[in-house]
Amino acid sequence: MKPHRQKFGMIAALGALALTLAACGSDDPTGDATTDPTTDAEQGTSTESLSGDLVGAGASSQESAMAAWVAGFQAANPDVTISYDPVGSGGGRTQFTEGATDFGGTDAALDEDEWALAETRCEPGTAAELPLYISPIAVAFNLPGVDSLNMSAETIAKIFNGEITSWDAPEIADANPDVELPALAITPVNRSDESGTTKNFTEYLAAAAAGAWPHEASGDWPVSGTQSAQGTSGVIQTTQSAEGAITYADASKVGALGTVAVKVGEEYVPYSPEAAAAVVDASPLAEGRAETSLVRELERDTTASGVYPIVLVSYTMACTQYADAETGALVKAFLTYMASEEGQQAAADAAGSAPISADMRAAVMEIVDAIA
Amino acid sequence: MSGQRLQAEAEPELAPAPLSVRGGGHDRAGRVFRWLATGSGVLILAVLAAVAGFLLLEAWPALSASREDLAAISWIPDDGSLLGYVGPLVFGTVLAAILALLLAVPVAIGIALFISHYAPRRLADVLGYLVDLLAAIPSVVYGLWGGLWLAPKLQGVWGWLSDNLGFIPLFEGPAATPPRVMMTVGVVLAVMILPIVTAVSREVFLQTPRLHEEAALALGATRWEMVRMAVLPFGRSGVISASMLGLGRALGETMAVLMILSPGLTYSWALLMAGRHQTIAANIALQFPEANPLGVSALIATGLALFVITLLVNMAARWVVSRRAAFSGAN
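Since we're looking at a predicted model, the values are computed, not measured.

Mean pLDDT over chain B works out to 85, with 90% of the residues at or above the 70 mark. For residues 1-17 of chain B, every residue scores under 50 in pLDDT, and the model assigns this stretch eight contacts once sequence neighbours within four places are set aside.

Here's what the structure looks like:
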């Protein structure tokens, strides 16, 4: 069912490549192919190029981005093999805390018990959670001839809760005076499997739609008797197959479907990578977590200008210290690449994710630099 | 199937004879074969026991978990009742399988009779080959075909059914758009089990004693009367066996259901409405990737339920076949 662990063949690199294992704060971790190894001598570190295997597993949301990261990193470090098994967030957390993987991906932050397990696994260091993948979730619909609609959180909540049932309902019509809306039934389509996308979407509805969304945030869709499908491709395909259908999905996968501009404060904000990254920056760190955990308490009901509040933040789990120094060096170099501008852009190109901001990068690198 | 069993029963009586003729140590090949055969037989039992043991062992944490713990799993009902979770799944599974059987068996019997008694020899060969070919299509392909191609075509039919026959609870409307409903699943499952039911039925019909058929014809029966009087009674238990094989496949079918159905956990009879039904196998495939350890255990508990249902169905089929054995081709 799930694609098998992806292994990218090593790509032969031209020219010598040297990478300092302990170089700090480099924004260009993949190194410059022409770097002269001797320039690193003053730091007293080894100048061997990286080699070895890294094993990761976790959130399937990160799959395409991870593929781009792995390809980019391996192209620069041909002796390194990195695999990432998109088993899902739950499996990723379990495998990481059990020590079966070197790093992991998860859409949900580790809970207290899992964090305790992760700390034990990472002894004598501790665990880290880094928000390296920010993905905007689009509310997408199938109405021929309509590319964009304005909606408030209340309207979206009522549509998905089955209270607004027709496209020409006054709530939608009033917000879109320039669009001719058909008297067509609305078919809300949701994920049938438990998913991080659903969790983030319902979190947004619960926080921003005030009383209009009577359910709690949950990875499992709370309304019954609905149209639903498995996975992002499933809901997109189902929405495409029926006029009047509306769904929520990873913004990079919506294809030709129309999308909703969400009301934030007094304006309607269409999704964009910048607007999505902005909400993460505007949100405070979650309270009561370790310093190495950069989990954000997303402000879904923000009224800040130009912010798109429906995002999924997927975290990368790693240890601050590895039993095997070589693994530590590899993880450090790989995470440095993932957080770099180049790495974030590679993910944006491949997966449509929103590159993290410079401030976020600084915070992440502070933790990554300490990995040993 | 029945024929094989009879042979197996007959073997112990026949086997000693050649052994005693040849005398003790010489028939080494015979003894090796006998041990291999016995070993294979035991292996089947061992595998069955291992599967049952695995299911029980892995399902135990969920079976013995408190309601609070179970309720913490997002897709289990808030009251945390495992039975309340498994119930609708069992209902959906059986409903899908029976629906598929009702749609497939009459058609399968028709095709089998056509191949065995109506079609010219050459056409029959080609048709038989084609039917076997249908059986070789992987279920995920059926799922894609059913979901992407067939479902949109059925939209109009389901709409007509709910508009005109909506007073029957089965066709209660409005029919869902897109038609990701149990009725569509039933049609696709029917296509999937059609080959196996047809192939077995065809073999059984071909076994009808020539004398029976010719006697019927000699008494002045038309071809249809001959089929009704000689072929169908003779093949009845074989057709039932074939149906049970099909039912087994329909019960366990995963990918096609997963890809076609908008799932829901209710005891609804409304076959044309979305989000009402789900089958056990599809549900396991759907929820497994993101499930925590207790969730996996709960899913395995539903698998245990499926295992029990399948055993019951097979036992019922055996019973039906043995009850009718005296009048049919099974002996």
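Text resumes after the structure shown.
Another aspect to go through is the pairing of strand S3 (residues 103-106) of chain A. All names here are of chain A. Here S3 shows a buried face lined by Phe103 and Gly105 and a second buried face lined by Gly104 and Thr106. Taken together, the three bridges between strand S1 (residues 52-58) and S3 define a ladder with parallel strand orientation. Of the residues in S3, the one forming a bridge with Ala57 is Gly104. The pairing of S3 with strand S11 (residues 311-319) spans three bridges and is antiparallel.

Taken together, the contacts link 20 residues of chain B with 23 residues of chain A. Where chain B abuts chain A, roughly 1800 Å² becomes buried across the two surfaces, and 48% of that area is made up of carbon and sulfur atoms. Contact with chain A buries surface across chain B, with B:Pro178, B:Leu286 and B:Glu290 losing the most and accounting together for 30% of the total. There are zero salt bridges connecting chain B and chain A. On the surface where chain B and chain A come into contact, there are nine residue pairs in polar contact (both at pLDDT 80 or more). Elements with a minimum of two residues in the side of chain B that touches chain A: helix H11 (255-260) and helix H12 (280-287) of chain B. Residue contributions to the side of chain B that touches chain A peak at three residues, all from H12(B). Grouping the constituent residues of the side of chain B that touches chain A by class yields 12 nonpolar, five polar and three charged.

This part is about the UniProt feature "transmembrane region" (unreviewed entry) in chain B. When the UniProt feature table is mapped onto this chain, "transmembrane region" (unreviewed entry) is found at residues 32-57, 89-115, 127-151, 181-200, 254-274 and 294-317 of chain B. Strand forms 0% of residues 127-151 of chain B and helix 88%; the C-alpha atoms that close the span are 26 Å apart.

This brings us to helix H5 (residues 82-118) of chain B. Each α-helix turn comprises 3.6 residues. Residues three or four places apart therefore point the same way. Between its first and last C-alpha, H5(B) extends 52 Å over 37 residues, near the 54 Å set by a 1.5 Å rise per residue. The largest bend along H5(B) reaches roughly 30° and is located at B:Ala104, with the proline B:Pro106 sitting one to four residues downstream.

Residues and elements named next belong to chain B. Split by domain assignment, chain B resolves into domain 1 (2-64) and domain 2 (71-327). Inter-centroid distance (C-alpha atoms) of domain 1 to domain 2 is 31 Å. Taken together, the 14 residues of domain 1 in the interface contact 11 residues of domain 2. Where domain 1 packs against domain 2, one counts zero salt bridges. Summed over the shared surface of domain 1 and domain 2, the result is three residue pairs in polar contact (both at pLDDT 80 or more). Mapped onto the side of domain 1 that touches domain 2, the elements with two or more residues apiece are helix H1 (2-14) and helix H3 (28-63). In terms of residues, the side of domain 1 that touches domain 2 owes the most to one element, H3, which gives 12 residues. Taken together, the residues of the side of domain 1 that touches domain 2 sort by class into 11 nonpolar, one polar and two charged.

Criteria and thresholds
- Residues numbered from 1 in each chain as written.
- Chains lettered and ligands numbered in written order.
- Predicted model: local features only at pLDDT ≥ 70, side-chain atom pairs only at ≥ 80, totals over all residues.
- Heavy atoms only, no water.
- pLDDT = per-residue confidence, 0-100.
- Contact = heavy atoms within 4.5 Å.
- Buried < 20%, exposed > 50% of the residue type's maximum accessible area, 1.4 Å probe, protein only.
- Helix = DSSP H or I, 4+ residues; strand = E, 2+ residues; numbered from the N terminus.
- Pairing = 2+ DSSP bridges.
- Buried area = accessible area lost by both parts, 1.4 Å probe.
- Salt bridge = Lys/Arg side-chain N within 4 Å of Asp/Glu carboxyl O.
- Polar contact = N/O pair within 3.5 Å; in protein donor to acceptor, adjacent residues only side chain to side chain.
- Nonpolar A, V, L, I, M, F, W, Y, C, P; charged D, E, K, R; others polar.
- UniProt positions renumbered as here; feature names shortened; annotations may be inferred.
- Expected span 1.5 Å × (residues − 1).
- Bend = angle between axes of the 7 residues up to and from the residue.
- Domains from an automatic or database assignment.

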